[in-house]
Amino acid sequence: ETGVTQSPTHLIKTRGQQVTLRCSSQSGHNTVSWYQQALGQGPQFIFQYYREEENGRGNFPPRFSGLQFPNYSSELNVNALELDDSALYLCASSLDGGQGAYEQYFGPGTRLTVT
Amino acid sequence: QQQVKQSPQSLIVQKGGISIINCAYENTAFDYFPWYQQFPGKGPALLIAIRPDVSEKKEGRFTISFNKSAKQFSLHIMDSQPGDSATYFCAASQLFSGGYNKLIFGAGTRLAVHP
């Protein structure tokens, strides 16, 4: 059984650019959530995907978007990057058996720096 | 009402001692309370979790105590070891309309266990 993997590990972008981050779910999991963790803070929920549809979203603007693929892997896209987008982006996978996806297992994260 | 308040911000414990981290919440709709351990440069790792119908859960050296009436829960690390030195996050979750769960994290506690 493989854990959650994310790519790339680190990324440096310029303000105004666009970025795509990738996540592979843990084997057997069907739900993916994305979180943003600023330095020294707890993770903040961005959105969750289940069966290739976004089924919940946190307080993030529309320039944060995502995809989930039939193999349950996922992408996070951020357009028009701002300096405040610099953070660790975490993907968490879980299994929703019909009563919610409570146990969330995190990947190692992608460190995004916007200059 | 969505916040989870965590204390202390930092904690120093001698090897073999007991580490205690506390969290409080307001939203009575929360129905799942996990604790995560995060090492520098890594993603959070699920340590232990509890549901509100249970007052205590123990896994190895880690114990969650849950007080539903006070809306508080805590993590106890028995026989603390230098390898336990990390940042610990409490979190809370509920099933929202739309069928998604989002974890709401506390601000974190940086634990240092001295030899």
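About the criteria used
- Residues numbered from 1 in each chain as written.
- Chains lettered and ligands numbered in written order.
- Predicted model: local features only at pLDDT ≥ 70, side-chain atom pairs only at ≥ 80, totals over all residues.
- Heavy atoms only, no water.
- Helix = DSSP H or I, 4+ residues; strand = E, 2+ residues; numbered from the N terminus.
- Buried < 20%, exposed > 50% of the residue type's maximum accessible area, 1.4 Å probe, protein only.
- Contact = heavy atoms within 4.5 Å.
- Lys, Arg positive; Asp, Glu negative; His and termini not counted.
- Charge placed at Lys NZ, Arg CZ, Asp CG, Glu CD.
- Buried area = accessible area lost by both parts, 1.4 Å probe.
- Salt bridge = Lys/Arg side-chain N within 4 Å of Asp/Glu carboxyl O.
- Polar contact = N/O pair within 3.5 Å; in protein donor to acceptor, adjacent residues only side chain to side chain.
- Nonpolar A, V, L, I, M, F, W, Y, C, P; charged D, E, K, R; others polar.

## As for the overall build of chain B
Then comes step 1: The helix and strand tally for chain B stands at 0 helices and 11 strands.
Then comes step 2: Moving toward the C terminus, one meets the helices and strands of chain B in the order β-β-β-β-β-β-β-β-β-β-β.
Then comes step 3: Based on the C-alpha atoms only, the size of chain B along its principal axes is roughly 45 × 30 × 20 Å.
Then comes step 4: The proportion of buried residues among the 115 residues of chain B is 48%.
Then comes step 5: Long-range contacts, defined as pairs at least 24 residues apart, comprise 53% of the intrachain contacts of chain B with a sequence gap of at least 6.
Then comes step 6: Of note, chain B has its 11 positive side-chain charges centred 6 Å away from the centre of its 7 negative side-chain charges.

## Details of the interface of chain A and chain B
Then comes step 1: Each partner contributes to the interface: chain A provides 24 residues, whereas chain B provides 23 residues.
Then comes step 2: Both sides of the chain A and chain B interface together cover about 1700 Å² of buried area, and 55% of this is carbon and sulfur.
Then comes step 3: Applying the counting criterion to the chain A and chain B interface returns 0 salt bridges.
Then comes step 4: Our count for the chain A to chain B interface comes out at 5 residue pairs in polar contact (both at pLDDT 80 or more).
Then comes step 5: Every element with two or more residues in the side of chain A that touches chain B is listed here: β4 (31–37), β5 (44–50), β6 (53–57), β9 (87–94) and β10 (105–106) of chain A.
Then comes step 6: Per-element tally for the side of chain A that touches chain B: the top contributor is β6 of chain A, with 3 residues.
Then comes step 7: Tallied by class, residues from the side of chain A that touches chain B come to 10 nonpolar, 11 polar and 3 charged.

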